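Okay, here's what each chain looks like letter by letter:
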Amino acid sequence: MGVEILGVGKYIPPRVLTNSDLEKILDTSDEWIITRTGIKERHIAEEWEKASDLALKACEEAIENSKLNKKDIEAVIVATSTPDMIFPSTACFLADKLGLNKPMAFDLSAACSGFIYGLTIGSSFLKSGQFKNVLVVGTEVFSQILDWSDRSTAVIFGDGAGAVVLSLTDSDSDILSAEMKSDGSHWGSLNCPVGEKLRMRGRETFKLAIKSMETASKKALEKANLTLDDIKLIIPHQANIRIINAIAERLNVPEEKVFSNIHKYGNTSAASIPIALYDVIKEGKINKGDNILLTAFGGGLTWGSIVLRY
Ligand code: UT7
């Protein structure tokens, strides 16, 4: 038996915020944002929309896509840094809005690495025999914690949600390895105190992100007993196109082997990898049986990589 992604879903709020919109409210330029980050536009949730509202739409699609019934979902893991409330968890709100049958439900706080932490935990639940079907979601409304007068962070982040239904099946699919790490001593690089706005020391975070994702990816490959030649596609956290290209260079793979959709969505934190995974699948870039490498990095600091056979 292996762990299989049975269904994927995403939801991107329709309101678009372009670089030229940002030029009107900040001392910035379309040219600076594109060359320094690769971002052309991002989507912004309505003020009343919460992380669970975005997650709801992504999860409805993922469950429908999986062909399972809602009652089959036994656990809900929501990776988010922008929860609806401190408590109850966003996962409890989400499970109720979805009409699930009283699943185990909890939030996971690991910033931009949240989704891959969630996949690791979800997969462990399945392999231990605890559950058969788990919903893992990354959902963020970073627009609601940004300081819109800070040009060094306001131009980077966007809102969105992505979800997968993870199930134990007798297919060849599996999560082959995971390398998950953290280092709280660097908390000052990127954080958001309760009731305050996000703060980031960009240049410092940039360097740590490249090194951490490179190291974790090599370790995850080693654990899976695979090399990069066995990997069809790398899906990195969408933080900055220069970080993504630097990872390709450090791993010595062509840039085409490293997926990017940052130009459309910006950095959606915990939602970035499931949104990218959704796009990769819908664009036919991977097929069942292909090995892929996921890698993420975020506040905490947290980081990690997963090798999975889709
Ligand atoms: O998702 C979790 C992890 N997050 C990340 O990995 C993000 C990592 N960091 C980054 O992506 C980049 O560091 C940023 C995009 C945040 C910044 O790019 P940078 O090339 O590192 O720029 P910088 O912070 O070194 O700033 C260079 C210059 C500064 O001006 P001076 O001091 O050289 O005159 C900034 O004030 O660019 C200025 N600047 C801007 N100019 C126009 C900063 N933000 C902007 C802006 N528009 N939006």
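Position numbers for residues start from 1 in each chain and track the written sequence from start to end. A pLDDT threshold of at least 70 governs which residues receive local features in this predicted model, and a stricter bar of 80 or more applies before side-chain atom pairs are shown or counted, although totals over entire chains, interfaces and linings include all residues. Derived side-chain values reflect all non-hydrogen atoms in the structure, with water molecules and hydrogen atoms excluded from consideration.

An axis is simply a line fitted to the C-alpha atoms; with a helix, the fit covers only the stretch in contact. Between two such axes, the angle follows the N-to-C directions and lies from 0 to 180 degrees. Each helix is a run of DSSP H or I of at least 4 residues and each strand a run of E of at least 2, with the numbering of both proceeding from the N terminus. The contact between helix α3 (residues 51-66) and helix α4 (residues 90-98) brings their axes to 9 Å, and the two run at 50°. It follows that α3 is oblique to α4 by the angle criterion. Of the two elements, α3 crosses α4, and the hand of that crossing is right-handed. Where α3 abuts α4, its residues A51, S52, D53, A55, L56, C59, E60 and I63 lie against T90, F93, L94, K97 and L98. Oblique is the label for every angle not falling under 35 degrees (roughly parallel), over 145 degrees (roughly antiparallel), or within 65 to 115 degrees (roughly perpendicular). For any pair of crossing helices, the crossing counts as left-handed if the nearer helix is rotated counterclockwise from the farther one by less than a right angle, and right-handed if it is rotated clockwise. Any pair of residues with heavy atoms lying within 4.5 Å of one another is described as a contacting pair.

Okay, a nonpolar patch on the surface next. What makes a patch is a set of residues exposed beyond 30% relative accessible area and free of salt bridges, joined within 9 Å when like-charged and within 5 Å when nonpolar (Val, Leu, Ile, Met, Phe, Trp, Tyr). For the accessible areas, the method is Shrake-Rupley and the probe is 1.4 Å, while residue cover comes only from the protein chains on display. Counted as salt bridges are all cases of a side-chain nitrogen of Lys or Arg within 4 Å of a carboxyl oxygen of Asp or Glu. On the surface, I86, F87 and V194 cluster together to form a nonpolar patch covering roughly 430 Å² of accessible area. Within the secondary structure, F87 is located in the loop between β4 (75-79) and α4.

Locating G188 in the fold gives a position in the loop between β8 (174-182) and β9 (190-191). Here the term buried applies to any residue with accessible area under 20% of the maximum for its type, exposed to any over 50%, and partly exposed to those in between, with areas from a 1.4 Å probe on protein chains only. By relative accessible area, which is 19% here, G188 ends up buried. G188 sits 11 residues away from R199 along the chain, and the two C-alpha atoms are 8.4 Å apart.

This part covers the packing of aromatic side chains. Planes of paired rings set the category: under 30 degrees apart is stacked, over 60 is edge-to-face and the rest tilted, where pairs are Phe, Tyr or Trp rings (Trp by its six-membered ring) whose centres lie within 6.5 Å. Tallied over the entire structure, the rule returns three aromatic pairs. Note on F106 and F125: the rings are 6.4 Å apart at their centroids and 90° apart in plane angle, and the pair reads as edge-to-face. Note that F106 is positioned in strand β5 (residues 104-108) and F125 in helix α5 (residues 114-127), a separation of 19 residues in sequence. Using a relative accessible area of 23% as the deciding quantity, one classes F106 as partly exposed. Among the residues examined, F125 registers a relative accessible area of 17% and is labelled buried. Aromatic rings pair up to connect F106, F125 and F131 into one cluster. Note on criteria: charge over ring means Lys NZ or Arg CZ within 6 Å of the ring centre, with the direction from the centre no more than 35 degrees off the ring normal. A cation over a ring is seen here: K288 above Y310, with NZ or CZ 4.1 Å from the ring centre.

Moving on to the layout of surface pockets. Considering only enclosed or pocket space, the largest pocket measures out at about 830 Å³ in volume. Residue composition of the lining of the largest pocket, by class: 19 nonpolar, 12 polar and seven charged. Residue ranges for the domains trace back to a domain assignment, done automatically or taken from a database. If you count residues domain by domain, the lining of the largest pocket takes at least three from each of domain 1 (2-169) and domain 2 (174-309). By volume, the second largest pocket amounts to about 620 Å³. A cavity, in this analysis, means grid points on a 1 Å lattice covering only the protein atoms where a 1.4 Å probe fits yet has no way out; a pocket is instead an open set bounded by protein on both sides within 12 Å along at least five of seven lines, and a residue lines either one if it has an atom within 4 Å of a point. Lining of the second largest pocket is provided by 25 residues; of these, S152, I156, M200, G202 and R203 occupy positions nearest its centre. Elements with a minimum of two residues in the lining of the second largest pocket: α2 (30-37), α6 (151-154), α7 (202-224) and α8 (241-251). If one sorts the elements of the lining of the second largest pocket by residue count, α7 sits on top with five residues. Following the grouping adopted for this structure description, the nonpolar residues are Ala, Val, Leu, Ile, Met, Phe, Trp, Tyr, Cys and Pro, the charged ones are Asp, Glu, Lys and Arg, and the polar ones are all others, Gly among them. Grouping the amino acids of the lining of the second largest pocket by side-chain chemistry returns 11 nonpolar, nine polar and five charged. Two domains each provide a minimum of three residues to the lining of the second largest pocket, namely domain 1 (2-169) and domain 2 (174-309). Grid points are joined across faces, edges and corners, and a volume is the space filled by probe spheres set on the points.

The next point concerns the site of the ligand. Only heavy atoms are used to decide nearness, and a residue is near a molecule or strand if one of them lies within 4 Å of it. Taken together, the neighbourhood of the ligand is formed by 24 residues, with T28, R36, R203, N240 and N267 sitting nearest. Under this definition, polar contacts are N or O atom pairs within 3.5 Å; protein pairs additionally need one hydrogen-donor-capable and one acceptor-capable atom, and for neighbouring residues in sequence, both atoms have to be side-chain atoms. Here G202 contributes a backbone N or O atom positioned 3.1 Å from a nitrogen atom of the ligand. Between an oxygen atom of the ligand and a side-chain N or O atom of R203, the distance comes to 2.5 Å. Burial of the ligand by the protein chains amounts to 77% of its free accessible area of 950 Å². Any molecule with more than half of its atoms within 2 Å of a cavity's or pocket's grid points is regarded as sitting in that cavity or pocket. Judged by the fraction of its atoms near the pocket grid, the ligand is located in the second largest pocket. Put simply, the parts of the chain that give the shell around the ligand at least two residues each are α2, α6, α7 and α8. In terms of residues, the shell around the ligand owes the most to one element, α7, which gives five residues.

For the rest of this paragraph, the subject is the side chain of S113. Summarising the element assignment, S113 is placed in the loop between β5 and α5. Among the residues examined, S113 registers a relative accessible area of 0% and is labelled buried.

To continue, consider empty space enclosed by the protein. By the definition in use, this model includes one cavity of 30 Å³ or more. The computed volume of the largest cavity comes to approximately 50 Å³. Taken together, V3, E4, I5, L166, S173, D174, I175, L308, R309 and Y310 make up the lining of the largest cavity. Those elements that place two or more of their residues in the lining of the largest cavity are β1 (2-11), β8 and β13 (302-309). At three residues, the largest contribution of residues to the lining of the largest cavity is made by β1. Of the residues in the lining of the largest cavity, the class split is six nonpolar, one polar and three charged. Each of domain 1 (2-169) and domain 2 (174-309) gives at least three residues to the lining of the largest cavity.

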